[in-house]
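Chains, contacts and geometry: an overview
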Amino acid sequence: MLNRRTFTAAVAGSGLALGLPAFAQFADRTIKFTNGVNEDHPVGVGVKKMQEILGAKSGGKMKISAFWGGSAGGDLQATQALRAGTQEMVCTSSSPLVGIVKELGVFDLPFLFNSEKEADAVLDGPAGEYFNKKLEAAGLVNLAYWENGFRNLTNSKRPINKVEDFEGVKVRVMQNNIFLDSFKTLGTNAVPMAFGEVFTALETRTIDGQENPFVTIETSKFFEVQKYLSVTRHAYTPFLVLYSKKLWDGLKPEEQALLREAAKEGQKVQRQANRDLNAKSLETLKKSLQVNEISAAEQKRMLDKVKPVYDKNVPTIGAEAVKVVTDELKKVRGG
């Protein structure tokens, strides 16, 4: 039986003794969340989970209003709005952020990770925290690392099984110096091009190939204008769920903690959805494209071939940032 003293303590602990309503620690907030992908992308699964958790644990006070497919502007434009304190959140790949935090260029280095497990261990550990501090100094709070995933090569000329097969293939790459260096070093004729132009350029044979995660290759229908898919896994790119530091500092600690919790829970379902969908997309692509895996020995030859890309770009990225990641990778790989 509950005695008077225990009952009084319980009531005081709940805040009811002070006359506070439930969820009083949360203000009514509608948070603008933008990104460049469509709602049916795995990022949509992560955002939905965030919305559920925020709604349940704030009594419906904290809400996310999501804008999809770049409808509210590009990722870089949104990131600058976060830094200025005129928008709350964006989910963006690390690559467009290199101009703001140069150290993030480490994730553009070729053949850095061997698996999703390695990427998770690095991003969710001390190395991830290292980059979070760099981001915070630039006016951005990273709530969680989500997944864009491994990139793979398609083309219309030949299967890419070994280093020599890259020679002379005209490949579209992102407008990013490290990707440009990587593909030039591998022997391709690398062409920087905006993503929106790629399908037509492939269709007209202005270029021979392109590189992207399986999901993007499928949803962009590149299989209609390509013949070969080589599982190169030459780069792994994370997504970052960023919040404006200026606006973050105006939140209550309970609100900050809930946003971090929601982003971490969103991370779990987003990563799994991304991996499931990539596996499904690969099976679909096999019906239209000639697909080949790369042997471990040839993967190593490719890595050896692009070593000059590391030597050239490490000074720009920062030797410390590269060391933080490679040291963590050594631990993950057992020394």
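Here's what I pulled together on the structure shown here. (Residues numbered from 1 in each chain as written. Predicted model: local features only at pLDDT ≥ 70, side-chain atom pairs only at ≥ 80, totals over all residues. Heavy atoms only, no water.)

What follows covers the overall build of the chain. Per the secondary structure count, the chain includes 13 helices and nine strands. Over its C-alpha atoms, taken along the principal directions, the chain stretches across nearly 80 × 45 × 40 Å. Sequence separation of 24 or more characterises 77% of the internal contacts of the chain that already satisfy a separation of 6 or more. For the chain, the exposed area adds up to about 15,400 Å²; of that, 53% sits on carbon and sulfur atoms. (Helix = DSSP H or I, 4+ residues; strand = E, 2+ residues; numbered from the N terminus. Contact = heavy atoms within 4.5 Å. Areas by Shrake-Rupley, 256 points an atom, 1.4 Å probe, with all protein chains shown as cover.)

With that out of the way, let us pick up the side chain of T188. Assignment of secondary structure puts T188 in the loop between α6 (177-185) and β6 (189-192). One polar contact links the side chain of T188 to the main-chain carbonyl oxygen of F183, over a distance of 2.7 Å. Apart from residues no more than four positions distant in its own chain, T188 is found in contact with F166, G168, V169, V171 and F183. (Polar contact = N/O pair within 3.5 Å; in protein donor to acceptor, adjacent residues only side chain to side chain.)

With that out of the way, let us pick up the packing of helix α2 (residues 42-57) against helix α10 (residues 253-285). It is the contact of α2 with α10, at a shortest axis distance of 7 Å, that shows an interaxial angle of 150°. Taken as axis vectors, α2 and α10 run roughly antiparallel relative to one another. Crossing of α2 against α10: the hand is right-handed. In this structure, α2 uses P42, V43, V45, G46, K49, M50, I53, L54 and K57 to contact α10, whose residues at the interface are L258, L259, E261, A262, A263, E265, G266, V269, Q270, A273, N274 and L277. (Axes fitted to C-alpha atoms, helices over the stretch in contact; angles between N-to-C directions. Parallel < 35°, antiparallel > 145°, perpendicular 65-115°, else oblique. Left-handed = near helix turned anticlockwise from the far one by under 90°.)

Our focus in this paragraph is the side chain of N176. Turning to its location among the elements, N176 is positioned in the loop between β5 (170-173) and α6. Assessed through its relative accessible area of 12%, N176 is described here as buried. A polar atom in the side chain of N176 sits 2.9 Å from the side chain of D108. At 2.9 Å, the side chain of N176 and the backbone nitrogen of I178 are in polar contact. (Buried < 20%, exposed > 50% of the residue type's maximum accessible area, 1.4 Å probe, protein only.)

Attention now moves to the packing of aromatic side chains. What the rule picks out here adds up to seven aromatic pairs. Considering the side-chain rings of F150 and Y236, the 5.1 Å spacing of their centres and the 65° angle between planes classify their relative orientation as edge-to-face. Residue F150 is found in strand β4 (residues 140-155), and its partner Y236 is found in strand β8 (residues 228-244); the two are separated by 86 residues along the sequence. Residue classification places Y236 among the buried residues on the basis of a relative accessible area of 2%. Considering the side-chain rings of F195 and F222, the 6.0 Å spacing of their centres and the 70° angle between planes classify their relative orientation as edge-to-face. Taken together, the residues span a long stretch of sequence, with F195 in the loop between β6 and α7 (198-203) and F222 in the loop between α8 (214-219) and β8 at a distance of 27 residues. Judged by its relative accessible area of 2%, F222 falls in the buried class. Three or more aromatic residues joined by ring pairs make a cluster, and in this case those are F107, F113, Y130, F131, F150 and Y236. The ring centre of F150 lies 4.0 Å from the NZ or CZ of R233, which sits over that ring. (Phe/Tyr/Trp six-rings, centres within 6.5 Å; stacked < 30°, edge-to-face > 60°. Lys NZ or Arg CZ within 6 Å of the ring centre and 35° of its normal.)

Below, the discussion takes up the packing of helix α11 (residues 296-305) against helix α12 (residues 307-317). Contact geometry of α11 with α12 gives a least axis separation of 4 Å together with a crossing angle of 35°. Across from L303, D304 and K305 in α11, the residues of α12 making contact are K307, P308 and Y310. Looking at the contact of α11 with α12 residue by residue, the class counts come to three nonpolar, no polar and three charged. (Nonpolar A, V, L, I, M, F, W, Y, C, P; charged D, E, K, R; others polar.)

So, about unusual backbone geometry. In this model, F111 sits at a positive phi of 55°, which is unusual for a non-glycine residue. Mapping F111 onto the fold places it in the loop between β3 (89-93) and α4 (116-123). Relative accessible area serves as the criterion here: at 6%, F111 is assigned to the buried category.

What follows deals with the pattern of salt bridges. The tally for this structure, following the rule as stated, stands at 23 salt bridges. Among the ionic pairs, K245 bridges to D249, the shortest N-O distance being 2.9 Å. Overall, the relative accessible area of 22% leaves K245 in the partly exposed class. Note on D249: relative accessible area 48%, which makes it partly exposed. (Salt bridge = Lys/Arg side-chain N within 4 Å of Asp/Glu carboxyl O.)

For the rest of this paragraph, the subject is helix α3 (residues 75-84). An α-helical turn contains 3.6 residues, so a residue and the one three or four places further along point in the same direction. For α3, the set of buried residues is D75, A78, T79, A81 and L82. Down the axis of α3, the buried side of the element spans an arc of 155°, and every buried residue falls inside it. Those residues of α3 that are buried are in contact with β1 (29-35), β3, β4 and β8. Positive backbone phi, at 85°, marks G85, one or two positions downstream of α3. (Arc of directions from axis to C-beta.)

We now examine the nonpolar core. Core analysis: the biggest nonpolar cluster contains 53 residues, and V106, F107, L112, F113, F131, F183 and L242 have the highest contact counts within it. In contact with F183, other than residues within four places in its own chain, are L153, F166, V171, V173, T188, A190, E211 and H234. Within the second largest apolar cluster, 27 residues are counted, among which are V43, W146, V241 and L259. (Core = buried A, V, L, I, M, F, W, Y, C linked by side-chain atoms within 4.5 Å.)

What follows is about the environment of V225. If you trace the backbone, V225 turns up in the loop between α8 and β8. Taking the C-alpha atoms as reference points, V225 and D208, separated by 17 residues in sequence, lie 9.5 Å from one another. Sequence-distant contacts of V225, that is, excluding residues within four places in its chain, are made with F199, L202 and E203.

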